[in-house]
Amino acid sequence: MESEAVVRALWDRMQARDWAGVGELLADDVVVEWPASAERIVGRENYVKVNAEYPEGWSIRVLRVVASGETVVSEVEVPHEGMGVHRVASFWTVRDGRIAEGREYWTSLGQDPSPQWRAAWVQPM
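Please read all numbers here as calculations on a predicted model, not as lab measurements.

Chemist: It is not clear to me how the packing of aromatic side chains should be interpreted in this structure. Could you clarify?
Modeler: Each aromatic ring pair is specified by the distance between its two centres and by the angle formed by the two planes. Considering all chains together, one arrives at three aromatic pairs under this definition. Consider the rings of tryptophan 11 and tryptophan 92, whose centres lie 6.4 Å apart with planes at 65°: the pair is edge-to-face. Of this pair, tryptophan 11 sits in helix α1 (residues 3–15) while tryptophan 92 is found in strand β5 (residues 84–95), placing the two residues 81 residues apart along the sequence. Pair check on accessibility: tryptophan 11 and tryptophan 92 agree, each one buried. A centroid spacing of 6.4 Å and a plane angle of 55° characterise the contact between tryptophan 19 and tryptophan 58, whose relative ring orientation is tilted. With tryptophan 19 in helix α2 (residues 19–24) and tryptophan 58 in the loop between α3 (44–52) and β3 (61–68), this pair connects stretches of sequence that are 39 residues apart. With a relative accessible area of 19%, tryptophan 19 lands in the buried category. One cation-aromatic arrangement involves arginine 17 over tryptophan 58; the distance from NZ or CZ to the ring centre is 3.4 Å.

Okay, structure coming up:
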């Protein structure tokens, strides 16, 4: 499977709650970092569990995937019934058909309000 297809399959399997299928896409020693919350997830089992245990009420909408060789970037929207809409920019390294590394930046829409000094040059979304 090409690198882009691996990442698209990851999001499809997450949406389907196919946790065994998610695990099949990960290297045994995968490392995924979440810099915004200062967390590192080491190992296939831990990555699958942290996602499987996330409180239900969410869905996934892939906004875009861009790939170059073993590097894949995805932008995904994750609306949650009780927690609002999240966005994630993910940077993946895919080796030998499996995700070996990732760095994901999760945020909630509007969580980081625009400072007043920029008001003259920006528009609210």
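Chemist: Mind showing me how you'd approach the side chain of histidine 80 here?
Modeler: Note that histidine 80 resides in strand β4 (residues 71–80). Judged by relative accessible area, which is 10%, histidine 80 ranks as buried. Separated by 3.0 Å, the side chain of histidine 80 and the backbone oxygen of glutamate 56 make a polar contact. Ignoring sequence-local partners within four residues, the contact set of histidine 80 consists of Tyr54, Pro55, Glu56, Gly57 and Trp58.

Chemist: I would appreciate a short explanation of the nonpolar core in the present structure.
Modeler: Note on soluble globular proteins: their nonpolar side chains tend to be buried together. Grouped together as the largest cluster of nonpolar side chains are 26 residues, with contacts concentrated most on Leu10, Trp11, Met14, Tyr47, Trp92 and Ile99. Breaking this core down by element, the ones donating at least two residues are α1, α2, β1 (26–34), α3, β4 and β5. If you tally residues by element for this core, the top one is α1, at six residues.

Chemist: Looking at this structure, I do not really get the layout of surface pockets. What am I missing?
Modeler: In this approach, a probe sized like a water molecule rolls over the atoms, and the result shows the empty space that is left. Reported here for the largest pocket is a volume of approximately 370 Å³. Forming the walls of the largest pocket are 13 residues, and the residues nearest its centre are Gly110, Asp112, Ser114, Gln123 and Met125. In terms of residue class, the lining of the largest pocket is made up of five nonpolar, five polar and three charged. Approximately 290 Å³ is the volume found for the second largest pocket.

Definitions and cut-offs
Residues numbered from 1 in each chain as written. Predicted model: local features only at pLDDT ≥ 70, side-chain atom pairs only at ≥ 80, totals over all residues. Heavy atoms only, no water. Phe/Tyr/Trp six-rings, centres within 6.5 Å; stacked < 30°, edge-to-face > 60°. Helix = DSSP H or I, 4+ residues; strand = E, 2+ residues; numbered from the N terminus. Buried < 20%, exposed > 50% of the residue type's maximum accessible area, 1.4 Å probe, protein only. Lys NZ or Arg CZ within 6 Å of the ring centre and 35° of its normal. Polar contact = N/O pair within 3.5 Å; in protein donor to acceptor, adjacent residues only side chain to side chain. Contact = heavy atoms within 4.5 Å. Core = buried A, V, L, I, M, F, W, Y, C linked by side-chain atoms within 4.5 Å. 1 Å grid on protein atoms, 1.4 Å probe; cavity = no way out; pocket = protein on both sides within 12 Å on 5 of 7 lines; lining within 4 Å. Points joined across faces, edges and corners; volume = space filled by probe spheres on them. Nonpolar A, V, L, I, M, F, W, Y, C, P; charged D, E, K, R; others polar.

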